[in-house]
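Chain by chain, the residues run as shown.
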Amino acid sequence: MHIGRYKLTALETGRFYLDGGAMFGVIPKVLWNKSNPADERNRIELALRTLLIRDDKHCIMVDTGIGENWDEKLSDIYGIDHSKFMLKNSLASIGMSTKDITDVIITHLHFDHAGGATYVDKDGSIRPTFPNATYYIQRKHYEWAVKPSLKDQASFVGEKYIPLYEQGKLKLLEGEVELYPGIFIKLSDGHTIAQQTILITDGKRTLYHPGDMIPTSSHVPLPFIMGYDNFPLITLEEKKSILSRAVSGDWILFFEHDPKYPATSVEKTEKGYRAGKPVGMNAE
Ligand SMILES: [Zn+2]
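Residues numbered from 1 in each chain as written. Predicted model: local features only at pLDDT ≥ 70, side-chain atom pairs only at ≥ 80, totals over all residues. Heavy atoms only, no water.

Caption draft 1: Structural view of the packing of aromatic side chains. Overall, the coordinates contain 9 aromatic pairs when judged by the stated rule. On the numbers, 6.2 Å between centres and 50 degrees between planes, the contact of Phe130 with Tyr135 is tilted. The exposure classification of Phe130 matches that of Tyr135, with both residues buried. Among the aromatic side chains, those forming a connected cluster through ring pairs are Phe24, Trp32 and Phe224. A cation sits over an aromatic face here: Lys88 above Tyr119, 6.0 Å from the ring centre. Directly above the aromatic system of Trp70 lies the positively charged group of Lys160, at a separation of 4.2 Å from the ring centroid. (Phe/Tyr/Trp six-rings, centres within 6.5 Å; stacked < 30°, edge-to-face > 60°. Buried < 20%, exposed > 50% of the residue type's maximum accessible area, 1.4 Å probe, protein only. Lys NZ or Arg CZ within 6 Å of the ring centre and 35° of its normal.)

Here you go:
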């Protein structure tokens, strides 16, 4: 897909599983289990999808996947699965390597978004996965991540990203910014504090990456808000504003965790907002 000067590609980096009840908050299982069937441990399958935004100078990656060095216990709890997809293989399939990435926008530092930002070297030291990239996070979010709420502290694994900061690779941004022409970082506070969402537009065509504000196409309807969110009523207000703009501006929504659809349009029906037609996000 192209928007203006940028070529946009969805890259799969793996799969994992989270509790279906936690993923859908107050929504009863009879409603979500049809679209997102639970396994025998009540978990639903989720994608770990990154978005690549490329022009002739930059290769920007949004989020890094979960990463590959997890111990057996956590791999089992979260069903972390790299049998089908791995970041390096997906990059190789489009003729790229981790060295080609120039910028990494991390929406927020939860382990399923930032876990792939670093890896453990043979000598045990933690190194950036993308050696030539500048990584971006909001200062307010970084401060929250090193001192999180009891509600989302289990989602932060500091050893995956604190070394990036210490090595001077992680740039702390102060609020909303147009990072490159037509690539806007917008803030969202419902899921966690100062999450970065990304809007790419050429004035005619727009794609919006809502991060974990809307993690899958099943979360487009307004009351479908994750139990994980720190401030669900803020998520609700943010979704109202974004979805109304998405319908009027004919935006494409990107989903980092949707097991089937990398992106869809949005429709407003008699019953409220719904995900519309799937939009292709292949390499070419
Ligand atoms: Zn999250």
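There is more to say, and it comes next.
Caption draft 2: Representation of the coordination of the zinc ion in the model. Surrounding the zinc ion are the protein donor atoms His108 (NE2), His110 (ND1), His191 (NE2) and Asp212 (OD), which sit 2.1 to 2.2 Å from the metal. Seen from the zinc ion, its 4 donor atoms lie at angles of 89 to 173 degrees, and the figure they make is irregular. The sequence pattern describing where the donors of the zinc ion fall on their chain is H-x1-H-x80-H-x20-D. Each member of the pair, His108 together with His110, is buried. (Donors = N, O, S within 2.8 Å, 3.2 Å for Na, K, Ca; no water. Tetrahedral: all angles 85-135°; square planar, octahedral: opposite > 155°, others 65-115°.)

Caption draft 3: Summary view of the pairing of strand β13 (residues 206–209). Side chains Thr206 and Tyr208 project from β13 onto one buried face, and the interleaved Leu207 and His209 project onto a second face that is buried too. Direction of pairing for strand β12 (residues 195–201) relative to β13: antiparallel, over a ladder of 4 bridges. What sits directly across from Leu199, in β13, is Tyr208. Linking β12 back to β13 in an antiparallel pair, the connection comprises 4 residues, with Gly203 at a positive phi of about 95 degrees. Taken together, β13, helix α8 (residues 232–249) and strand β14 (residues 252–254) constitute a β-α-β crossover, and its handedness is right-handed. (Helix = DSSP H or I, 4+ residues; strand = E, 2+ residues; numbered from the N terminus. Pairing = 2+ DSSP bridges. Right-handed = clockwise from strand over helix to strand, strands pointing away.)

Caption draft 4: Just helix α6 (residues 139–146), in detail. Along α6, the residues that are buried comprise His141, Tyr142, Trp144 and Ala145. Each buried residue of α6 lies within a common arc of 160 degrees when the element is viewed along its axis, so the set occupies one face. If you follow the buried residues of α6, they end up packed against β8 (134–138), α7 (162–166) and β9 (170–173). (Arc of directions from axis to C-beta. Contact = heavy atoms within 4.5 Å.)

Caption draft 5: Layout of the pairing of strand β4 (residues 59–62). Where burial is concerned, the two faces of β4 agree: the one with Cys59 and Met61 and the one with Ile60 and Val62 are both buried. Relative to β4, strand β3 (residues 43–54) runs antiparallel, the two sharing 4 bridges. Across the sheet, residue Ile53 finds its bridge partner in β4, namely Ile60. Once β3 ends, the chain turns through 4 residues before running back antiparallel as β4. Pairing between β4 and strand β5 (residues 103–105): 3 bridges, direction parallel. Paired with Val62 across the two strands is Ile105, which belongs to β5.

Caption draft 6: Molecular detail of the sheet that holds strand β10 (residues 177–180). Ordered in space as β10-β11-β12-β13-β14-β15-β16, the 7 strands form an open sheet in which the pairing is mixed. For this open sheet the edge positions go to β10 and β16 (272–278), each flanked by a neighbour on one side alone. Pairwise comparison of adjacent strand axes, ignoring direction, gives a mean angle of 35 degrees for this sheet. The sheet contact formed by strand β15 (residues 263–269) and β16 spans 5 bridges and is antiparallel. Counterpart to Lys268 in the pairing with β16 is Tyr273. Here α8 sits on the sheet and contacts β11 (183–188), β13, β14, β15 and β16; the angle it forms with β15, its principal contact strand, is near 95 degrees. (Axes fitted to C-alpha atoms, helices over the stretch in contact; angles between N-to-C directions.)

Caption draft 7: Geometry of the nonpolar core. Counting 28 residues, the largest nonpolar core has Leu52, Leu91, Ile101, Ile106, Leu109, Phe130 and Tyr135 as its most contacted members. For this core, the secondary-structure elements that each account for two or more residues are β4, α4 (87–93), β8, α6 and β9. Sort the elements by how many residues they give to this core and α6 lands first, with 3 residues. Those residues in contact with Ile106, other than ones at most four positions away along the chain, are Asp63, Ala114, Ala117, Tyr135, Tyr136, Ile137 and Gln196. Membership of the second largest hydrophobic core comes to 24 residues, among which are Met1, Tyr6, Leu207 and Ala263. (Core = buried A, V, L, I, M, F, W, Y, C linked by side-chain atoms within 4.5 Å.)

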